[in-house]
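Each chain, letter by letter, is given below.
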Amino acid sequence: MTHTRTRKSSDERKSEIVTAALEMAGDIGPDRLTTQALAKQVGLSHSGIFRHFPTKESIWEAVGQHIGQMMRPKASAKDNSSRNPAQELIRFVHRHLSFFQATPAIPAILFSRELHSENEHLRKFFASMVASRHKHIAKIIKAGIDSNYFRNDIDADDAAYLILALIQGLAMRWSLNARNFDLADEGTRLLKLQLDGFTSPDTDNNQ
């Protein structure tokens, strides 16, 4: 009986390469990942990698786009109407940190100075992604200020930067400590402490 080997499309191969790069970056770090090792992981020749991506930089740019799609905020009008601002922020931060915990390569890629210095396009992409997250968080905080849930003497943009700093700093601490604690749970705990400082004295925390 003859078995016909199915030839994978270019899009399928690209997806395999991006997934493998993300997985290997979590194991050995993005700065140590070579195209030779990546080719071996996906079962291609070294030259075969470059039939799908013209440069190593373009592979990382595709990885960045993939990360951006996976981390895109998912909030619907129904979600926003059923939760108070603090719950929205907790849900947002918990989802992001859970994603980092499930995909440990992401903090390493986001914080890789070497990778960003070699790829200006990737650095700008991640900077834009962080700016988008900041805008999303600030919007939730501004709604909380307008509804008197949060204090009216705080600045929504500054408060959003504090929450971003919590996410980034905690992800780095988790990486440096060999991922030896539950990232999402610790983030939720610390965020609740932070939100206590944002909350208006008139707020009913059970609402």
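We now turn to the structure provided with this report.

The rules behind these values
Each chain carries its own residue numbering, running from 1 in the direction its sequence is written. pLDDT decides what is reported in this predicted model: residues at 70 or higher carry local features, side-chain atom pairs at 80 or more are listed and counted, and totals for whole chains, interfaces and linings draw on all residues regardless. The side-chain quantities take in all heavy atoms of the structure and omit both hydrogens and water. Strands are runs of DSSP state E lasting at least two residues, helices are runs of H or I lasting at least four, and both sets are numbered from the N terminus onward. To sort residues, take the accessible area from a 1.4 Å probe on protein chains only and compare it with the maximum for the residue type: under 20% means buried, over 50% means exposed, and anything in between is partly exposed. What makes two residues a contact is simply this: any of their non-hydrogen atoms within 4.5 Å. Angles run from 0 to 180 degrees between N-to-C directions of axes, and those axes are lines fitted to C-alpha atoms, restricted for helices to the stretch in contact. Oblique is the label for every angle not falling under 35 degrees (roughly parallel), over 145 degrees (roughly antiparallel), or within 65 to 115 degrees (roughly perpendicular). Definitions for this section: a left-handed crossing has its near helix turned counterclockwise from the far helix by less than a right angle. A right-handed crossing has that turn clockwise. The residue classification treats Ala, Val, Leu, Ile, Met, Phe, Trp, Tyr, Cys and Pro as nonpolar and Asp, Glu, Lys and Arg as charged. All others, Gly included, are polar. This arc describes the spread of directions from the helix axis toward the C-beta atoms. Two aromatic rings, drawn from Phe, Tyr or Trp (for Trp, its six-membered ring), form a pair once their centres lie within 6.5 Å of each other, and the interplanar angle then sorts them: stacked below 30 degrees, edge-to-face above 60, tilted otherwise. Geometrically, a lysine NZ or arginine CZ counts as sitting over a ring once it is within 6 Å of the ring centre and also within 35 degrees of the ring normal. Two joining distances apply to patches: 9 Å for like charges and 5 Å for nonpolar side chains (Val, Leu, Ile, Met, Phe, Trp, Tyr), and every residue must have over 30% relative accessible area and no salt bridge. Using a 1.4 Å probe, accessible areas were evaluated by the Shrake-Rupley method; residue-level cover was limited to the displayed protein chains. By convention in these notes, a salt bridge is any Lys or Arg side-chain nitrogen within 4 Å of a carboxyl oxygen on Asp or Glu.

Overview of the side chain of T35
By the secondary structure assignment, T35 is in helix α2 (residues 35–42). Taking relative accessible area as the criterion, T35 reaches 9% and is therefore assigned buried. Residue contacts for T35: discarding those within four places in its chain leaves H46, I49, F50, K56 and I59.

Concerning the packing of helix α10 (residues 156–176) against helix α11 (residues 183–198)
The contact between α10 and α11 brings their axes to 10 Å, and the two run at 155°. Relative to α11, α10 is oriented roughly antiparallel. As for the relative orientation of α10 and α11, their crossing is right-handed in sense. On α11, the residues touching A159, L162, I163, L166, L170, A171, R173 and W174 of α10 are L183, E186, G187, L190, L191, Q194, L195 and F198. Residue composition of the contact of α10 with α11, by class: 12 nonpolar, two polar and two charged.

Here we look at α2
Turn by turn, an α-helix covers 3.6 residues, leaving residues three or four places apart pointing in a common direction. Taken together, the buried positions of α2 are occupied by T35, L38, A39 and V42. For α2, the arc enclosing every buried residue in end-on projection is 100°, short of the 170-degree limit, so these residues lie on one face. If you follow the buried residues of α2, they end up packed against α1 (10–28), α3 (46–52) and α4 (56–70). Remark: G43 follows α2 within two positions and exhibits a positive phi of approximately 75°.

Re the packing of aromatic side chains
All told, the structure shown has three aromatic pairs when counted by the stated rule. When the centroid spacing of 6.1 Å and the interplanar angle of 85° are considered together, the rings of F150 and F198 count as edge-to-face. Here F198 lies in helix α11 and F150 lies in the loop between α9 (120–146) and α10, a separation of 48 residues in the sequence. Take F150 and F198: they sit in the same class, and that class is buried. Here the aromatic residues Y149, F150 and F198 are joined through ring pairs into a cluster of three or more. Over the face of the ring belonging to W174 we find R179, whose NZ or CZ atom lies 5.8 Å from the ring centre.

Considerations on a nonpolar patch on the surface
Residues F111, M172 and L176 make up a contiguous nonpolar surface patch of roughly 310 Å² in combined accessible area. Among the structural elements, L176 can be located in helix α10.

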